[in-house]
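Coordinates in review
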Amino acid sequence: MSDPLPPGSPEELPAGLLPQELEALGGQLVWRIGKDEVSDDVIVRLGYASATPRFAHLPRLRSANDADLLSAMEGGRVVIEWVD
């Protein structure tokens, strides 16, 4: 027997509501993508828009183009950081 689904899980949402919910969430998020200054890891910083000022206090990221991101993904060198 499986555990009950948590309220609001995708399986419980009416058809078509999940894309709307994801769209609403995406409108509240900010992100920065770049290469770490020390390594070649690609850092993805993600947080709510209310956390935007805290992004400025984190170490700087070097610019990363699509090829850098693809290479990092293939090499397992992508780090996701949640900014609170």
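Definitions and limits used
Within every chain, residues take consecutive numbers counted from 1 along the sequence as written. Only residues with pLDDT of at least 70 are given local features in this predicted model, and only at 80 or more are side-chain atom pairs given and counted; all residues enter the totals for whole chains, interfaces and linings. Excluding hydrogens and water, the side-chain values take into account all heavy atoms of the structure. Think of it this way: any DSSP run of H or I at least four residues long counts as a helix, any run of E at least two long counts as a strand, and we number them from the N terminus. Each residue is assigned to one of three classes by its accessible area relative to the maximum for its type, calculated with a 1.4 Å probe on protein chains only: buried under 20%, partly exposed between the two thresholds, exposed over 50%. Pairing between strands is defined by DSSP: at least two bridges between the two strands are required. Whenever two N or O atoms come within 3.5 Å, that pair is a polar contact, provided that in protein one can donate a hydrogen and the other can accept it, and provided that, for residues adjacent in sequence, both atoms are side-chain atoms. Any two residues whose heavy atoms approach within 4.5 Å are treated as being in contact.

The name an unreviewed UniProt entry assigns to the protein is DUF3248 domain-containing protein, from the organism Deinococcus radiopugnans.

Okay, the overall build of the protein next. Looking only at helices and strands, the protein features 3 helices and 4 strands. If you list the helices and strands of the protein from N to C, you get α-β-β-α-β-α-β. A burial count over the protein gives 15% of its 84 residues as buried.

This part is about the pairing of strand E2 (residues 42-48). Consecutive side chains of a regular strand alternate in pointing toward one face of the sheet and then the other. Judged by how many residues are buried, E2 sits mostly within the fold: 5 of 7 residues are covered. Pairing of strand E1 (residues 29-36) with E2 involves 7 bridges; the strand directions are antiparallel. From the neighbouring strand, Leu-29 faces E2, where its bridge partner is Tyr-48. The hairpin turn running from E1 into E2, its antiparallel successor, is 5 residues long. Direction of pairing for E2 relative to strand E4 (residues 78-83): parallel, over a ladder of 6 bridges. If you follow Leu-46 over to E4, its bridge partner there is Trp-82.

Here Arg-45 lies in strand E2. The exposure class assigned to Arg-45 is buried, which follows from its relative accessible area of 7%. Only 2.8 Å separates the side chain of Arg-45 from the backbone oxygen of Pro-59, close enough to count as a polar contact. Every residue in contact with Arg-45, bar those within four places of it in the chain, is listed here: Val-30, Trp-31, Arg-32, Phe-55, Leu-58, Pro-59, Leu-61, Glu-81 and Val-83.

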